[in-house]
Amino acid sequence: MADIGIGANAQRVDGREKVMGKPLYGADRLPARTVFAAPVAATVGRARITALDTAAAERVKGVLAVFTYRNMDRLKKVDFSFAGGQAIQSHLPMQAPEVLYRGECIALSVAETPEAAREAASLVRATYDEQPFAVEMTAAGGTEVVQAKATPWFPDFVKGDPVPLIDAAPVSVDAVYYSAAQHHNPMEMLSTVAEWREGGLVVHEGTQAAQAMKMGLVIALGLPEDKVRVISPYIGGAFGQRGAISPHTILAAVAARRVGRPVKLTVPRAQIFHATSFRAATEHRIRIGADRDGRFVGGLHLVRSQTSRFDLMPYTGEETTSRTYGWPAFRGATTLVQLDTQTPGFMRAPMEMASFFALESAVDELAEKLAMDPVELRILNDAKTDPISGKPFSSRNLVRCLQRGAERFGWSQRKRAPRSMQLSDGTLVGWGVAAGAYPAYITPAIARIRMHADGRVELSVGAHEMGQGIRSAIAAVAEEELGVPAGRLRLLIGDTIVPPQHVTSGATGAATVSIPIAKASLRLRQTLAELAVKGGRTVFAGVDPTMTRLRGGRLHLPSGESVSVADIFAGARVHHADAEASGTAPGMSPDSFKQAALGKVAFFGPEFPTHVSFSYIAHFVEVRVDPLVPRARVTRMVSVADCGRVLSRRTAESQLLGGLVWGIGSALSEASEVDPRFGGFLNNNIAEYQIPVNADVRSLEVELLDTPDLMFSEIGAKGVGEVACVGAAGAIANAIYHATGKRVRTLPVRIETLL
Ligand code: MOS
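These numbers were taken from a predicted model, which means no experiment stands behind them.

## A short note on the environment of L755
Note that L755 resides in the segment after α19 (751-754). Each C-alpha atom, one on L755 and one on L628, is 8.6 Å from the other, the two residues being 127 residues apart in sequence. What L755 contacts, discounting residues up to four positions off in sequence, is P630 and K742.

## Quick notes on the pattern of salt bridges
Scanning the entire structure with this criterion turns up 42 salt bridges. One connected set of salt bridges, linked through shared partners, spans E319, R323, D386, K391 and E607.

## Quick notes on the packing of helix α6 (residues 210-221) against helix α7 (residues 247-259)
Two numbers describe how α6 lies on α7: the axes approach to 10 Å, and their chain directions differ by 55°. Between α6 and α7, the crossing angle belongs to the class labelled oblique. Every pair of crossing elements has a handedness; the one defined by α6 and α7 is right-handed. On α7, the residues that touch M213, L217, A220 and L221 of α6 are T249, I250, A253, V254 and R257. Tallied by class, the residues present in the contact of α6 with α7 amount to 7 nonpolar, 1 polar and 1 charged.

## What about the packing of aromatic side chains?
Throughout the structure, instances matching the rule amount to 20 aromatic pairs. A cation sits over an aromatic face here: R743 above Y737, 4.0 Å from the ring centre.

## What about the sheet that holds strand β10 (residues 191-197)?
Strand order across the open sheet formed by 7 strands is β3-β5-β1-β13-β10-β11-β12, with mixed pairing between neighbours. The sheet is open, and its two edges are formed by β3 (63-68) and β12 (228-231), each paired on a single side. Strand-to-strand twist in this sheet, taken as the mean axis angle between neighbours without regard to direction, amounts to 20°. As paired strands, β10 and strand β13 (residues 263-266) are joined by 4 bridges and run antiparallel to one another. Bridge pairing in β13 places A194 opposite V263. With respect to the sheet, helix α3 (residues 114-123) is in contact with β1 (35-41), β3 and β5 (105-111), its orientation differing from that of β1 by roughly 25°. Sheet strands touched by α6: β10, β11 (200-204) and β12. Its angle to β12, the strand with the most contacts, is close to 150°.

## Section: the domain arrangement of the chain
By a widespread convention, an interface's size corresponds to the accessible area lost as its parts come together. According to the domain assignment, the chain consists of domain 1 (15-21 + 443-597), domain 2 (31-133 + 187-238 + 242-275) and domain 3 (143-182 + 279-440 + 608-754). A straight line from the C-alpha centre of domain 1 to that of domain 2 covers 38 Å. Opposite the 21 residues of domain 1 that make contact, domain 2 presents 18 residues. Carbon and sulfur atoms supply 47% of the area buried between domain 1 and domain 2, which totals about 1,400 Å² over both sides. Interface area lost by domain 1 to domain 2 is led by H464, M466 and T496, which between them contribute 34%. The interface formed by domain 1 and domain 2 contains 1 salt bridge. In this structure, R229 engages D495 in a salt bridge whose closest nitrogen and oxygen atoms are separated by 2.6 Å. Taken together, domain 1 and domain 2 are joined by 11 residue pairs in polar contact (both at pLDDT 80 or more). Of all the secondary-structure elements, those providing two or more residues to the side of domain 1 that touches domain 2 are α1 (15-19) and α16 (591-597). A per-class count over the side of domain 1 that touches domain 2 returns 8 nonpolar, 8 polar and 5 charged.

## A closer look at the packing of helix α13 (residues 470-482) against helix α14 (residues 509-534)
Running from amino to carboxyl end, α13 crosses α14 at an angle of 25°, the nearest separation of the two axes being 9 Å. Taken together, the axis directions place α13 and α14 in an arrangement best described as roughly parallel. Of the two possible hands of crossing, α13 and α14 adopt the one that is right-handed. Of α14, the residues touching α13 (which contributes I470, A473, I474, V477, E481 and L482) are G509, A510, V513, S514, I517, A518, S521, L524 and R525. Broken down by class, the residue content of the contact of α13 with α14 amounts to 10 nonpolar, 3 polar and 2 charged.

Conventions and cut-offs
Residues numbered from 1 in each chain as written. Predicted model: local features only at pLDDT ≥ 70, side-chain atom pairs only at ≥ 80, totals over all residues. Heavy atoms only, no water. Helix = DSSP H or I, 4+ residues; strand = E, 2+ residues; numbered from the N terminus. Contact = heavy atoms within 4.5 Å. Salt bridge = Lys/Arg side-chain N within 4 Å of Asp/Glu carboxyl O. Axes fitted to C-alpha atoms, helices over the stretch in contact; angles between N-to-C directions. Parallel < 35°, antiparallel > 145°, perpendicular 65-115°, else oblique. Left-handed = near helix turned anticlockwise from the far one by under 90°. Nonpolar A, V, L, I, M, F, W, Y, C, P; charged D, E, K, R; others polar. Phe/Tyr/Trp six-rings, centres within 6.5 Å; stacked < 30°, edge-to-face > 60°. Lys NZ or Arg CZ within 6 Å of the ring centre and 35° of its normal. Pairing = 2+ DSSP bridges. Domains from an automatic or database assignment. Buried area = accessible area lost by both parts, 1.4 Å probe. Polar contact = N/O pair within 3.5 Å; in protein donor to acceptor, adjacent residues only side chain to side chain.

This is the structure we're talking about:
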């Protein structure tokens, strides 16, 4: 393993400053004269406001304004990000007396102190004319929409007709699986500091999508593009929740303009559950038919997923299930169910978490019927080429992940029958396995590099650091390509002064930005070689830049010749050298950079013109279940991932570990309880929304195969963050079945389910 550059196990570049509490998160910046805003949430499921009393709120000492739909500016609509816009949802609160869902913001107080703002907010009184609403997919009142008809750009995934093949198969499963809605509960609150300077707007906020936030503000407030800047150097947790502009950001910007002071708006912890997106509740019917040897003859994956009344949040999880096994025939299709909530969105492995709980549970059920080892069944049915397009995979090492994981876990010691691995005290032990996959995407990014004579390097690129470690991955690439130690690298990301800041999501971050960084670095080495020639070093004339290497402040040739960068600059009489490059994916249209500049999403993959690309993982899990109080505990997880080339080992492994923890949460505790009486979600706080704590997380082991996928990109790195938790919940549920003999098809699996 290298000790510097790509693949090294270097420390996080921001680790030290983070543990010292030094980085300033978006809303840690308080410009002089900042005032504070507090939102008021609707307490009804759907209604028309008939009276709003703000008099008492306005009388609170220090209150500057109380905004409601009556006095709020009329704003232009920003479209939903997955309908060609920039917003987390198209509906903007406080524009009309209608309340479309519980928790919608109906008023915003602004005051000299946060306390005064909160007190004022608590005194706003609304009277409602309540209307019927629906918040449960399983109850009446939802409106079903066939996704492929309503939004044909999210098609079904079809190869032949699997149904007659499954009907005729000697062995088959047909089961329905459910997953609960979930909410992100990040450490950093949703908060905005909006500041107007010389007619322009500067917004400080932790976001994964600075460009979308900027353009959303440009559209909503009707501002010129050059008058808005969004700055997001760090994010204290995101994973989909901050992938587009949320209503509170727009409201904060308007409030700041109206009161003529910078405004800080922090969404209270309990309002997070209704203020922005969440993971939709889903339902999956899975049918698999197999021959007597276990070979799949067909697969069916029918999804119902919730969305809002005003946006069609896509569900595309069948894209991955359809491409994971060598299905001779397959059909995957989605029905969206419109309910009276805010628009659901993306949350770590947004579609794949639930899809692979369903698929991998069904595969386990099939293995049971076939009396086959579930690892063997998966290996037997591994896809050799993409079943949907017929194209080859750029690389695919799922079988190696399964084999390596089985070896490391000690899978061969497993007794096949359920309930057969009890401990002497009666504790039930279960071992489960599941595979996971996640599409590999590339998004538009431009890297700009300036190297100074003293070796300092400034690098800017479109990227957002949400704790996943993208700064460390970028530093590893820069060290490899430019020989610059992390301490001499100044990195500018998450700031719209260096566009395009395309959304960092879908595990595109490091895998995407490393492409233009490597390309720009190559151009920089070419420039250095040319400058060296200019300064009289003729040995550098006409060299192929790919053969050069920058190490220790010197440009090296394979022949052993080298020259210091300082000498190059002195000889050519320059102070610095610049290089710029854009990273593209095969098949990416030049238009995608325009899209990205407009703050719109421009994902390429997983199907490219000549190949199909995914990241893969295999999870092996041990659970223990107390037979008296049947609480399942995950005692051991071993997961092996194939994410192409590893850029930063420390942060990639860390992403895998985090993904497993999310898997434990999804499998055993995390559920946003729907409230059919008042709408919205009931357990809207982190006391009652159960996130795994240390006691829930025992032994986790992760391994990366580190096999570069050079067909996917020149760098060969694919995404890590999302695939980490794909299949984890399935493996846990399968282990619970193995421990208890009870097949649970609903997430999360709780004590009452196992009683
Ligand atoms: Mo991700 S859930 O696309 O940040």
